[in-house]
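Each chain, letter by letter, is given below.
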Amino acid sequence: MSSNTEVAVVGGGIGGLTLGLKLARSKIDVLVIEKLEAPSSIYKGELLQPKSMQIFERLDVLNEIRGNGFSFSRIGFEEGENEFSMDYSILPGDYDYAVMIEHEKLKGILLKQALQYPNFQYLSGAIGKGYCDGRLIVERKELNERLSVKADFYVGAEGRNSITRKEMNSKIKKIEYNHHFLTVTFPRPQSLDEGKIISKDKRFLGLFPLPESKVRSVYLIPEGTYKEYLAKGIDHFHQNYLELFPELEGFVTRLNDWKDIQLMIPTAFYADKYVNGRLAILGDAAHTVHPMAGEGMNMAIQDADVLGELFAGMYATGRISSSRLKWYEKVRKLRAQKMISLSHLSALAYSYSNRFITGIRRKGLKQIERDKKLQFKQMLNVSGLGYWSESVLDRFVQAGLLPARKRGLSTDAKRNYFYTEKDDYPWKC
Ligand SMILES: Cc1cc2nc3c(=O)[nH]c(=O)nc-3n(C[C@H](O)[C@H](O)[C@H](O)COP(=O)(O)OP(=O)(O)OC[C@H]3O[C@@H](n4cnc5c(N)ncnc54)[C@H](O)[C@@H]3O)c2cc1C
């Protein structure tokens, strides 16, 4: 069997569905193929950063996302006896908060919205097997069907093991870490209504509130110790959480099966090219980041936004050419590299637990909280709304070698560091 479309997207994760919705709204024929037949129970990204909110507002899905998610603006840090906080509300404008939403719920919202457009086609249980003679080969095992898809462009949004990246001969550079995480969602006390990162001795616990009085947690364990944790039993798991955050008594203890708890192995990699001829990759197919800064899913959304806008322009003007795909790589590759560095630095801060590193981390957090300029930079860079590199002076302030600067920035001065339409979509100028 064969099928024709304008853009074929391999992978119906958050990145593929955001692109699919964007193209559908731009009246471009789009086919999304997804190998899963039903929602997955595997934990993935659930923290939406401010730039994603801006993108979703333009796609008319923000209200539904907020209605199904939990919004908060503050993340509290407990470092032994010390407490610090970082606040998205330091960002001017409408997107001064983060949202936690269950991964499959978000996918469902995007898919439902996209399916309203007759030019959007979605095939589940459809596996992209590879490319042959410039066509995408798709297998639907259940139906015992093999499909050959002809499209103007093919986008690989199929995550880490991307067949499109392979076809493009794009090489990846990998970073590995000395720790793993246990991650699980369970009921939360009402008082836990903001992000919380608790670090004590060699331990690290991240807690992020979800709607319906649930909380998603991540607990750091040294590499290679998962089996030891399993052998110690679920009570030991509860105990670790309770020692770090006693308010979880009666909540984390409701978990009674290790099967609910997922092992998460952080790796980071980045591909050397995002486009090749009529092929492009986005999201985890192009880059994965350490989960510490909560950026992976947001980067996939941002990739989809830029690539989608580029396609929309091409089809609207009739200037449909693979050479124009380079614009996408030009905008997104550099930004992704910055996010990889940011996530990597956050990961390193919690990778080693000797007194020296703990001391630097504590000092750094304290100075970021005190120094409004540093705090703005931190939240801006995490938000995806803009980027402002840290200077040597900032590093000295962070290390406590220079005093924290008392004066913050005016709203206008802050806005100057936001990406403009020209930064996001430079081909339009
Ligand atoms: C445990 C965990 C926690 C995380 N926490 C966060 C977080 O807090 N914040 C954050 O921003 N990010 C987080 N991430 C990362 C985030 O989930 C990913 O970066 C994000 O899901 C990437 O989206 P994607 O659409 O690029 O890829 P994916 O989510 O991997 O989606 C790819 C899709 O393609 C499908 N597929 C794969 N191969 C094929 C094929 N050959 N044919 C057809 N379909 C195929 C897959 O089934 C999948 O549905 C986390 C990840 C994990 C694993």
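Going along each chain's sequence as written, the residues are numbered from 1 onward. Given that this is a predicted model, residues contribute local features only at a pLDDT of at least 70 and side-chain atom pairs are listed and counted only at 80 or more, while totals for whole chains, interfaces and linings are drawn from all residues. For side-chain calculations, the full set of non-hydrogen atoms in the structure is used, while hydrogens and water are omitted.

Trainee: I'd like a description of the site of the ligand, backed by residues and values.
Mentor: By convention in this text, a residue qualifies as near a molecule or strand provided that one of its non-hydrogen atoms is within 4 Å of it. Lining the immediate environment of the ligand, one finds 32 residues, of which Glu34, Gly45, Met264, Asp284 and Met297 sit closest. Pairs of N or O atoms within 3.5 Å make up the polar contacts considered here, provided that, within protein, one atom can donate a hydrogen while the other can accept it, and that residues adjacent in sequence are counted only when both atoms are side-chain atoms. Within the backbone of Gly296, a nitrogen or oxygen atom sits 3.1 Å from an oxygen atom of the ligand. Between Met297 and the ligand, the recorded distance is 2.7 Å, taken from a backbone N or O atom to an oxygen atom. All accessibility values rest on the Shrake-Rupley procedure with a 1.4 Å probe; residue burial counts only the protein chains present in the view. In isolation the ligand offers 990 Å² of accessible surface; the protein chains occlude 89% of this area. Looking at the shell around the ligand, the elements with two or more residues in it are α1 (14–25), β2 (30–34), β9 (127–132), β17 (262–264) and α8 (296–317). Among the elements that take part in the shell around the ligand, α8 stands out by supplying four residues, more than any other. Tallied by class, residues from the shell around the ligand come to twelve nonpolar, twelve polar and eight charged. Marked domain ranges trace back to an automatic or database domain assignment. When residues of the shell around the ligand are assigned to domains, at least three fall in each of domain 1 (2–46 + 102–175 + 267–344) and domain 2 (178–264). Secondary structure elements follow DSSP: runs of H or I no shorter than four residues count as helices, runs of E no shorter than two count as strands, and numbering proceeds from the N terminus. Note on residue classes: Ala, Val, Leu, Ile, Met, Phe, Trp, Tyr, Cys and Pro are nonpolar, Asp, Glu, Lys and Arg are charged, and everything else, Gly too, is polar.

Trainee: Before we move on, can you summarise the sheet that holds strand β14 (residues 195–200) with the specific residues and values?
Mentor: Pairing between two strands requires that DSSP report at least two bridges joining them. Strand order in the open sheet formed by seven strands is β6-β5-β14-β15-β16-β13-β17, with mixed pairing between adjacent strands. Edge strands, defined here as strands with exactly one partner in the open sheet, are β6 (82–87) and β17. Neighbour-to-neighbour, the strand axes of this sheet turn through a mean angle of 20°, independent of strand direction. Taken together, the nine bridges between strand β13 (residues 179–187) and strand β16 (residues 214–222) define a ladder with antiparallel strand orientation. Looking across to β16, one finds that Phe186 is bridged to Val215. Contacting β5 (74–79), β6 and β14, helix α10 (residues 355–370) crosses the sheet at an angle of about 50° to β6. Helix axes use the C-alpha atoms of the stretch in contact, all axes being lines fitted to C-alpha atoms, and the angles between their N-to-C directions lie in the range 0 to 180 degrees. Two residues qualify as a contact provided that any one of their heavy atoms is within 4.5 Å of a heavy atom in the partner residue.

Trainee: Please set out the sheet that holds strand β7 (residues 98–100) residue by residue, giving values where relevant.
Mentor: The strand order β3-β7-β4 describes an open sheet built from three strands, whose pairing is antiparallel. Whereas interior strands pair on both sides, the edge strands pair on one side only; in this sheet they are β3 (47–48) and β4 (70–72). One ladder, built from two bridges, connects β3 with β7; its direction is antiparallel. By the bridge assignment, Leu47 is partnered in β7 with Met100.

Trainee: How would you summarise the packing of aromatic side chains if you had to cite specific residues and measurements?
Mentor: Each Phe, Tyr or Trp ring, with Trp reduced to its six-membered ring, pairs with another whose centre is within 6.5 Å; inter-plane angles below 30 degrees give stacked pairs, above 60 give edge-to-face pairs, and intermediate values give tilted ones. In total, this model carries 15 aromatic pairs according to the counting rule given. When the ring of Tyr425 is compared with that of Trp427, the centres are 5.7 Å apart and the planes differ by 55°; the resulting orientation is tilted. Among the aromatic side chains, those forming a connected cluster through ring pairs are Phe186, Tyr219, Tyr226, Tyr229, Phe237, Tyr241 and Trp258. Of note, Arg335 hangs over the ring of Tyr419, and the distance from its end group to the ring centre comes to 3.5 Å. Any Lys NZ or Arg CZ found within 6 Å of a ring centre and within 35 degrees of that ring's normal is scored as a charge over the ring.

Trainee: Any chance you could break down the environment of Leu242 for me, citing the residues and the numbers?
Mentor: Tracing the backbone shows Leu242 in helix α7 (residues 234–244). Burial here depends on accessible area, computed with a 1.4 Å probe over protein chains only, as a share of the maximum for the residue type. Under 20% is buried, over 50% is exposed, and the range in between is partly exposed. Under the relative-accessibility criterion, Leu242 is labelled buried at 11%. Distance in space between the C-alpha atoms of Leu242 and Arg355 is 23 Å, their sequence separation being 113 residues.

Trainee: Give me the lowdown on the pairing of β5, citing residues and values where you can.
Mentor: Burial within β5 is extensive, with five of its six residues counted as buried. As paired elements, β5 and β6 share six bridges and run antiparallel to each other. Bridged to Gly76 within β6 is Ser85. Note: β5 against β14, five bridges, orientation parallel. Counted as the bridge partner of Phe77 is Ile197 from β14.

Trainee: Go over the pattern of salt bridges, please, and point to the residues and values.
Mentor: The rule for a salt bridge is simple: a side-chain nitrogen of Lys or Arg has to be within 4 Å of a carboxyl oxygen of Asp or Glu. On inspection of all chains with the given rule, the structure shows 25 salt bridges. The closest approach of N and O atoms between Asp424 and Lys51, which form a salt bridge, is 2.7 Å. Here Lys51 lies in helix α2 (residues 50–58) and Asp424 lies in helix α14 (residues 421–424), a separation of 373 residues in the sequence. By the burial criterion, Asp424 is buried, and Lys51 matches it. Among the salt bridges present, the one from Lys196 reaches Glu78, with a minimum N-O distance of 3.3 Å. You can see Lys196 sitting in strand β14 and its partner Glu78 sitting in strand β5, a full 118 residues away along the chain. As far as the burial class goes, Lys196 and Glu78 line up, both buried.

Trainee: Summarise the nonpolar core; cite the residues concerned and give the values.
Mentor: In this description, a nonpolar core means a group of buried Ala, Val, Leu, Ile, Met, Phe, Trp, Tyr and Cys residues linked to one another through side-chain atoms lying within 4.5 Å. Of all hydrophobic cores here, the largest spans 109 residues; its most connected members are Leu48, Phe56 and Phe311. Residues contacting Phe56, with those up to four places away along its chain left out, are Thr18, Leu48, Val61, Leu62, Ile65, Leu106, Leu110 and Ile301. One finds Leu182, Leu205, Phe245 and Leu248 within the second-largest nonpolar core, a separate group that totals 24 residues.

Trainee: Pulling in residues and values, what's your account of the environment of Gly308?
Mentor: When you line up the elements, Gly308 lands in helix α8. If near-sequence neighbours (up to four positions away) are discounted, Gly308 is found in contact with Leu19, Lys22 and Leu23.

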